[in-house]
Amino acid sequence: KEFASSLIRAAEDAYPVLSRVYGGAPSSKTAAFLFFDIEEAGKLGFRSGAPSPTDPNYSAGEFSIAEPLGDGVRLYFPAKDKVLNVRAKDIIAHETGHRFLRLIYPKVRTGMSLGTYPRWVNEGFSVYVGTEFSQQFRYLDAVVQEAKRGTIPQLTLDTLDKIESSSSRLYYGLAATVLYHIAASHGEQALKQLLAEWNRGAGFRAGIEQILRASYNDFEQAWINRIGGIAKQAKDGAELYYSLTGKTLTVATSSSTRLVSETGAMTPVMGESSWLQTNWQYIAIVAAVVAIAATAVTRKPKSARARGLFRPVRLSR
């Protein structure tokens, strides 16, 4: 019960990110079904499969409208997991993102089934909101690993869907980098504008060219060049994320920048440095201010009163 409550709170916390990226929200609340037994989940239509015997930390989620549960997000976590870790937060935002896309931009989602729009748009948006909310970079880790193999320049937006079956994690990560590239070069509002344009019936390429004011081929090549270059230099997905977004991470203390990982162990989000190393400039400024204040206070009260800096106050009993 406590774990379910923590998931609900996390879903509520994800709402601002979801509504910001998608430009709105469904009119109805999102139903969420939580399972600790994968066999029971399967009997009720959960399609994500059984966990591998070698992966005791397997957890998964999906959005579906299939009966008998109907419209809702399905979440599976091992019975031993009773802590809301970053993996759980990522799953919640990711799967709820699929529902947002389906209900807010139904023509885009239908177009994916018909082949009008690539499927990676759906996963790209869900990975984007999941990463923004949870700050969990496992999909971008796969992009970094692939970049170091030198194969990213061989990709195209039109063939991206073909790698889904061979490497879903890489597929999800690359899909998200397209959106991060758009947000970095045109602002995050361009993502909403693209979805709206496609939902109005614009073709995939035509929507990109109209909203981004660039030819489709130029946009595609800019994405390949930027992602290939940055990812190859990054040491992991977290560094790729901060390079793509231009954001910076302030490290206050080594303990406060740690998050609970999928296994429950404590792992750093980014490379850590000591508090003194990170904040020495601020320490120097504060020390100077304190020194000036101390000088003013230690001056003789008489001269201070003469300048009007102090006012005598009578205290009644």
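Refer to the structure presented above.
Residues numbered from 1 in each chain as written. Predicted model: local features only at pLDDT ≥ 70, side-chain atom pairs only at ≥ 80, totals over all residues. Heavy atoms only, no water.

Q: Lay out helix α3 (residues 86-104) in plain terms, naming residues and giving numbers.
A: Think of an α-helix as turning once every 3.6 residues; residues three or four places apart then point the same way. Here α3 spans 26 Å end to end across 19 residues, near enough to the 27 Å set by a 1.5 Å rise per residue. With 15 of its 19 residues buried, α3 lies for the most part within the structure. (Helix = DSSP H or I, 4+ residues; strand = E, 2+ residues; numbered from the N terminus. Expected span 1.5 Å × (residues − 1). Buried < 20%, exposed > 50% of the residue type's maximum accessible area, 1.4 Å probe, protein only.)

Q: I'd like to hear about the environment of Val 127, residue by residue, with values.
A: For Val 127, the location among the structural elements is in helix α5 (residues 120-134). Here Val 127 is in contact with His 94, Tyr 139, Tyr 172 and Ala 176, once residues within four sequence places are set aside. (Contact = heavy atoms within 4.5 Å.)

Q: So what's going on with α5? Which residues, and what values?
A: Spanning 15 residues, α5 covers 20 Å between terminal C-alpha atoms, matching the ideal 21 Å at 1.5 Å per step. Counted residue by residue, α5 has 15 buried out of 15 residues, so it is predominantly covered. After α5 finishes, the residue Gln 135 shows a positive phi value of roughly 55°.

Q: Quick one: what's the story with the sheet that holds strand β2 (residues 60-64), residue by residue and with numbers?
A: Strand order in the open sheet formed by 3 strands is β1-β3-β2, and the pairing between neighbours is mixed. Strands with a single pairing partner mark the edges of an open sheet, and in this sheet they are β1 (32-35) and β2. Sheet twist, expressed as the average angle between the axes of neighbouring strands with direction ignored, equals 15°. Where β2 lies against strand β3 (residues 72-76), 5 bridges are found, and the strand directions are antiparallel. Considered in β3, the bridge of Ser 64 is made with Gly 72. Relative to β2, α3 is tilted by about 15°, and along the sheet it contacts β2 and β3. (Pairing = 2+ DSSP bridges. Axes fitted to C-alpha atoms, helices over the stretch in contact; angles between N-to-C directions.)

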